[in-house]
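Chain residues, written in single-letter form:
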Amino acid sequence: MNFNLFQRCSLKTRVTLFTLAIFLISLWSLTFYASLTLRHDMQRLLSDQQFSTVSLIAEEVNQEIGERFGVLDQVAGRVSSAMLDHPAALQTFLEERLISQGPFNAGVFVTGTDGVAVAGIPLSAGMIGVNYQDRDYIAGALLEGKRTIGRPVIGRVLRVPVFGMGVPIRDPQGVVIGALAGITNLSQPNFLDRITHSRYGQSGGYLLVAPLHRLVVTASDKSRIMETLPAPGVNPGIDRFLAGYEGSAVIRHSQGIEVLASDKGIPAVGWIAATHLPTAEAFAPIRAMQQRMIIATIFLTLLAGGLTWWMLRRQLFPILTAVRTLAA
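What you see is a predicted model; the values in this text were computed from it and never measured.

**Remarks on the overall build of the protein chain**
Right, so step 1: When you go through the protein chain residue by residue, the secondary structure sums to nine helices and 11 strands.
Right, so step 2: The principal-axis extent of the C-alpha atoms belonging to the protein chain is close to 125 × 35 × 30 Å.
Right, so step 3: Restricting the contact set of the protein chain to residue pairs at least 6 apart, pairs at least 24 apart contribute 54%.
Right, so step 4: Taken as a whole, the protein chain presents about 17400 Å² of accessible surface, with 62% of it coming from carbon and sulfur.
Right, so step 5: Looking at charge distribution, the protein chain has the averaged site of its 28 positive side-chain charges lying 21 Å from that of its 23 negative ones.

Given below as structure tokens:
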């Protein structure tokens, strides 16, 4: 029915509509293609830049952690079984090392094979006499004889978010006779703040994640320290990063905001360094350009429609006049 109605239209009207339809389809197709291409190119550019930034952060954290393990190993190598039998001498030894000044802002302590702290600095921390055998960084050092970094927890003595790093103490035969641990207080200025204190863009930020525990270690937004990430299956984007993917992707983070996120693994501790930027900010220039393109396309549509109608009317006028004359 509509086709018959179209057939009853004048030649001028049909030619005008056909010409205008072809032009508009081409114009709007070009607009949408350019818009999608620009967004894709912008996302790739931002992803490369973001991944380079987070890779540098991961490398820096890896180096900082390695240096702190090196300090612990060096001090642990100087602790003997005789010192463990004389806590006062061990206490003096630790105080002379000044190990708590810089590397560990919450202090260090030494335990025997039973996990009970026999010496520690500073004394005001009250760690001596406390049993830390259930802490993963002490258990790893005593039972497995290896460097271990612990899960962020609320400190048993300090009552604030902390994480520990432990190394074994061995006798000349290589038998584990104790553990040396350094504690970092996440609620106070610490070595990780140099990495997470700044923001990425206007509203983005950085964070360090312990994927094994699905836990945020620290972040630019301090309210996210020790935040538990969604359970497996709840957020596929986060699950992909925690499963070991290194790169960039658009996901929704745990607070429900769509972000462009990038991550890089930290081999020394098994953590992940990540940065995120809300897509509302990341793609704001593209959205502004898309809006300008749509406005320009609408203007061109109206202009093209009017000019096409005027041009065809003028060009077809002699023919239509001749047709009317012949018909008469």
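On we go from here.
**Quick look at the nonpolar core**
Right, so step 1: Core analysis: the biggest nonpolar cluster contains 46 residues, and Phe163, Leu180, Leu192 and Trp271 have the highest contact counts within it.
Right, so step 2: With 10 residues, the top contributor of residues to this core is helix α2 (residues 11–76).
Right, so step 3: Look past the residues within four positions of Leu180 in its chain and what remains in contact with it is Leu72, Val75, Ala76, Leu94, Phe109, Val110, Met165, Gly166, Val167 and Ile169.
Right, so step 4: Counting 16 residues, the second largest nonpolar core, distinct from the first, contains Met127, Leu142, Val176 and Ala179.

**Quick word on empty space enclosed by the protein**
Right, so step 1: Counted under the stated rule, the structure contains two cavities of 30 Å³ or more.
Right, so step 2: Taken as a whole, the largest cavity encloses approximately 250 Å³ of empty space.
Right, so step 3: Surrounding the largest cavity, 18 residues form its lining, Leu207, Ile238, Phe241, Ile251 and Ala274 being those nearest its centre.
Right, so step 4: Secondary structure elements with two or more residues in the lining of the largest cavity: β7 (205–210), α7 (236–242), β10 (258–266) and β11 (271–278).
Right, so step 5: Of the voids in this model, the second largest cavity is the one considered here, and its volume is about 140 Å³.

**Details of the packing of aromatic side chains**
Pairs of aromatic rings are described using the distance from one ring centre to the other and the angle between the two planes.
Right, so step 1: Under the defined criterion, the tally for this structure stands at four aromatic pairs.
Right, so step 2: Aromatic side chains Phe241 and Tyr245 sit 5.6 Å apart centroid to centroid with 40 degrees between the ring planes, which places their arrangement in the tilted category.
Right, so step 3: On the accessibility criterion, Phe241 (8% relative accessible area) is buried.
Right, so step 4: A residue is classified by how much of its surface remains accessible, and Tyr245, at 26% relative accessible area, is partly exposed.
Right, so step 5: One aromatic cluster in this structure is built from Phe163, Phe191 and Trp271.

**Description of the layout of surface pockets**
Right, so step 1: In this structure, the largest pocket occupies an estimated 160 Å³ of space.
Right, so step 2: In this structure, the largest pocket is lined by 13 residues; those nearest its centre are Ile149, Leu212, His213, Val269 and Trp271.
Right, so step 3: Split by residue class, the lining of the largest pocket holds seven nonpolar, four polar and two charged.

**Observations regarding the pairing of strand β1 (residues 108–111)**
Working note: regular strand, side chains alternate between the two faces of the sheet.
Right, so step 1: Neither face of β1 is exposed, since Val108 and Val110 on one face and Phe109 and Thr111 on the opposite face are all buried.
Right, so step 2: The turn linking β1 back onto strand β2 (residues 117–121) is made up of five residues, and Gly115 within it adopts a positive phi angle of 85 degrees.

**So, the side chain of Glu64**
Right, so step 1: Structurally, Glu64 is set in helix α2.
Right, so step 2: With residues up to four places along the chain from it excluded, the contact list for Glu64 reads Phe191 and Arg194.

**A few points about the environment of Ala119**
Right, so step 1: Structurally, Ala119 is set in strand β2.
Right, so step 2: For Ala119, a relative accessible area of 0% gives the class buried.
Right, so step 3: Placed 29 residues apart in sequence, Ala119 and Leu90 show a C-alpha to C-alpha distance of 6.5 Å.
Right, so step 4: Setting aside chain neighbours within four positions, we find Ala119 in contact with Pro87, Leu90, Gln91, Leu94, Val108, Phe109, Val110 and Ile128.

**A few points about the side chain of Asp171**
Right, so step 1: Considering the arrangement of structural elements, one finds Asp171 in the loop between β5 (161–170) and β6 (176–185).
Right, so step 2: Buried within the structure, Asp171 lacks any salt-bridge partner; Arg170 is the closest side chain of opposite charge, at an N-O distance of 7.5 Å.
Right, so step 3: Of note is the side chain of Asp171, whose polar atom sits 2.9 Å from the backbone nitrogen of Gln173.
Right, so step 4: A polar side-chain atom of Asp171 sits 2.8 Å from the main-chain amide nitrogen of Val175.

**With respect to the environment of Gln291**
Right, so step 1: You can see Gln291 is positioned in helix α9 (residues 284–327).
Right, so step 2: The exposure class of Gln291 is exposed, given its relative accessible area of 52%.
Right, so step 3: Remark: the alpha-carbon pair of Gln291 and Gly182, spanning 109 residues in sequence, is separated by 55 Å.

**Points about the environment of Lys264**
Right, so step 1: Here Lys264 shows up in strand β10.
Right, so step 2: Judged by its relative accessible area of 26%, Lys264 is partly exposed.
Right, so step 3: For the pair Lys264 and Arg156, spaced 108 residues apart in the sequence, the C-alpha separation amounts to 31 Å.
Right, so step 4: Look past the residues within four positions of Lys264 in its chain and what remains in contact with it is Phe51, Val54, Ser55, Ala58, Glu246, Trp271, Ile272 and Ala273.

Rules behind the numbers
Residues numbered from 1 in each chain as written. Predicted model: local features only at pLDDT ≥ 70, side-chain atom pairs only at ≥ 80, totals over all residues. Heavy atoms only, no water. Helix = DSSP H or I, 4+ residues; strand = E, 2+ residues; numbered from the N terminus. Contact = heavy atoms within 4.5 Å. Areas by Shrake-Rupley, 256 points an atom, 1.4 Å probe, with all protein chains shown as cover. Lys, Arg positive; Asp, Glu negative; His and termini not counted. Charge placed at Lys NZ, Arg CZ, Asp CG, Glu CD. Core = buried A, V, L, I, M, F, W, Y, C linked by side-chain atoms within 4.5 Å. Buried < 20%, exposed > 50% of the residue type's maximum accessible area, 1.4 Å probe, protein only. 1 Å grid on protein atoms, 1.4 Å probe; cavity = no way out; pocket = protein on both sides within 12 Å on 5 of 7 lines; lining within 4 Å. Points joined across faces, edges and corners; volume = space filled by probe spheres on them. Phe/Tyr/Trp six-rings, centres within 6.5 Å; stacked < 30°, edge-to-face > 60°. Nonpolar A, V, L, I, M, F, W, Y, C, P; charged D, E, K, R; others polar. Pairing = 2+ DSSP bridges. Salt bridge = Lys/Arg side-chain N within 4 Å of Asp/Glu carboxyl O. Polar contact = N/O pair within 3.5 Å; in protein donor to acceptor, adjacent residues only side chain to side chain.

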